[in-house]
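Chain residues, written in single-letter form:
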Amino acid sequence: MSTLRESPAWNALETHHKSVQKLHLRDMFAKDETRAERFTAEAAGWRLDYSKHRITDETLKRLFALARERGVEARRDAMFAGEKINSTEHRAVLHTALRAPADSVILVDGVNVVPEVQAVLKRMADCATKIRAGEWKGYSGRPIRNIVNIGIGGSDLGPVMAYEALRHYTDRGLQLRFVSNVDGTDFAEAVHGLRPEETLFIVASKTFTTLETMTNAHTARDWLQAAAGKDKKAVGRHFLALSTNEEAVNEFGIPSAQMFGFWDWVGGRYSMDSAIGLSTMIAIGAEAFGEMLAGFHAMDTHFRTTPLERNLPAIMGLLSVWYADFFDAATVAVLPYEQYLKRFPAYLQQLTMESNGKHVTLEGKTVDYATGPIFWGEPGTNGQHSFYQLIHQGTHLIPCDFVAFGEALNPLGRHHDLLLANVIAQAEALAMGKTLKQVKAEGAPAALAPHKVFEGNRPSSLLLAERLTPAALGALIALYEHSVFTQAAIWDINAFDQWGVELGKQLAVRVAGEIEAPRKSLAHDASTNAAIRWYRKARRK
Ligand code: F6P
């Protein structure tokens, strides 16, 4: 048995779960007037109401005991101190250094990394300011007005999400577009209607080897050169690189002066505050980007210094463990009631699932408990008219994270009141439900009554902030980053590697070779061979 399942705190939780499982949120609220107040905590502009979770004071006490027993605080301190906690890649994990104040000292191998971070931020700010001022000219002398970010995974999802989330603060005179998929349609549609002479490509890739990104980057270079000619200087004017691989960047034709670097201690899914955020900075300006970093940092400080009992990321992380391991809840729904956060669930999918989708411990032993749940979601209220049915009345327990803001960025009539009414009502309906007695009292015919019953007792968190600002966004993302960290520490898994993406990548290279050399013999399983043969025929037509 694993050390986790053998631990006294875990065993205590298993026993405790048997009694909590039978409790209904309806009764817990009815019996306890202070529940909502006691189970609400605030940090960095965010208010987390976790009272609609299937927990008691005892549950929390035991979860905090588990966190302490598993050394969550010590691991957290090790991360902030720059220790090489990404053990399989022997790397420090220091996305927190990207948003640390300029006078901080954070050492990696004895070197303070903060001045390097600040130097890159300064270069990014100069570049962003120049582009925003229309001073960055394309090959024909016309100013750049279109920015196309080419990247995938962490080199795409953060920039896209942040652009959408902060669109209210963007310079509307600039068009930002994003290309990630190796499907040529993504590139074709992204450049549709753009004038090459006014278009700047940002090739964002930590490794500068990723198949999708490099394929798109080469297509972009061809697209530009078809208009500008083969002049090397044109590539220079129309391409920037965000990477850790200077050699590959230069080889592609982008000079070092147009490359913005970062470091191996920044994981892809934790990289939106690094040079990878250049498109965000161009869109919202250096000052607002700085505000976003300050929001991240405020949550970092909260996570680092606040006792677990009032620590938002720790509480959220422990609740995830509680549901995944004790209620067998396989998924978490993220439901932002804010249209600007429409890409937030997709962003969180990489953050949470690439981090905690692991089946072995740090020592390489197979786990005997569930790890990272599946994250999914859509902005409210759209989801209410599609999948909420299952959350309310289906057979799966799906903890929900509701996210909303007090102030509308686009105040229009009753819209915001209705939006907020919906998020509040959904959380209430999920928790309280509707009994058969209530249904009957409403006069439902006997045959219909069971269909109209809402069991309730379905848990949710309600995350509220005053207004969607760059700082609020930063704090929200950091909240999830550290929640993921807390979960990984409990589960004793490495949240910072992603070996699981490798096999598919390797096989794709092999299959691509076999498709493009139709005479090559095939030695896969029969189904794979048949699919390759089918496509060999299809592409000949
Ligand atoms: O394949 C997974 C991954 O390595 C992600 O972790 C990363 O964010 C993405 O690919 C892109 O990698 P890169 O920035 O090196 O192109």
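Details of the structure are given in the entry above.
Here's a quick rundown of the structure. (Residues numbered from 1 in each chain as written. Predicted model: local features only at pLDDT ≥ 70, side-chain atom pairs only at ≥ 80, totals over all residues. Heavy atoms only, no water.)

1. Here we look at helix H5 (residues 57-69)
- Compared with the 18 Å implied by 1.5 Å per residue over 13 residues, the 18 Å span of H5 between its first and last C-alpha is a close match.
- Buried within H5 are the following residues: Thr59, Leu60, Leu63, Phe64, Leu66 and Ala67. One side of H5 holds all its buried residues, which, seen down the axis, span an arc of 155 degrees.
- Contacts from the buried residues of H5 go to helix H1 (3-6), helix H2 (8-20), helix H6 (72-80), helix H15 (312-326) and helix H21 (470-491). (Helix = DSSP H or I, 4+ residues; strand = E, 2+ residues; numbered from the N terminus. Expected span 1.5 Å × (residues − 1). Buried < 20%, exposed > 50% of the residue type's maximum accessible area, 1.4 Å probe, protein only. Arc of directions from axis to C-beta. Contact = heavy atoms within 4.5 Å.)

2. Overview of the pairing of strand E2 (residues 46-49)
- Pairing of strand E1 (residues 40-43) with E2 involves four bridges; the strand directions are antiparallel. Counted as the bridge partner of Glu42 is Arg47 from E2.
- Pairing between E2 and strand E13 (residues 460-465): four bridges, direction antiparallel. Across the sheet, the residue bridging to Arg47 is Leu464, located in E13. (Pairing = 2+ DSSP bridges.)

3. A few points about the environment of Phe326
- Locating Phe326 in the fold gives a position in helix H15.
- Taking the relative accessible area as the measure of exposure, Phe326 reaches 8% and is therefore buried.
- For the pair Phe326 and Pro518, spaced 192 residues apart in the sequence, the C-alpha separation amounts to 51 Å.
- Filtering out sequence-adjacent residues up to four positions away, Phe326 remains in contact with Trp10, Leu13, Glu14, His17 and Val321.

4. Some words on the site of the ligand
- Neighbouring the ligand are 14 residues, the closest being Gly154, Ser155, Ser205, Thr207 and Thr210.
- Ser155 places a side-chain nitrogen or oxygen 2.6 Å from an oxygen atom of the ligand.
- One nitrogen or oxygen atom from the side chain of Ser205 is found 2.6 Å from an oxygen atom belonging to the ligand.
- When isolated, the ligand has an accessible area of 390 Å², and the protein chains bury 88% of it.
- Residue composition of the shell around the ligand, grouped by class: two nonpolar, nine polar and three charged. (Near = heavy atom within 4 Å. Polar contact = N/O pair within 3.5 Å; in protein donor to acceptor, adjacent residues only side chain to side chain. Areas by Shrake-Rupley, 256 points an atom, 1.4 Å probe, with all protein chains shown as cover. Nonpolar A, V, L, I, M, F, W, Y, C, P; charged D, E, K, R; others polar.)

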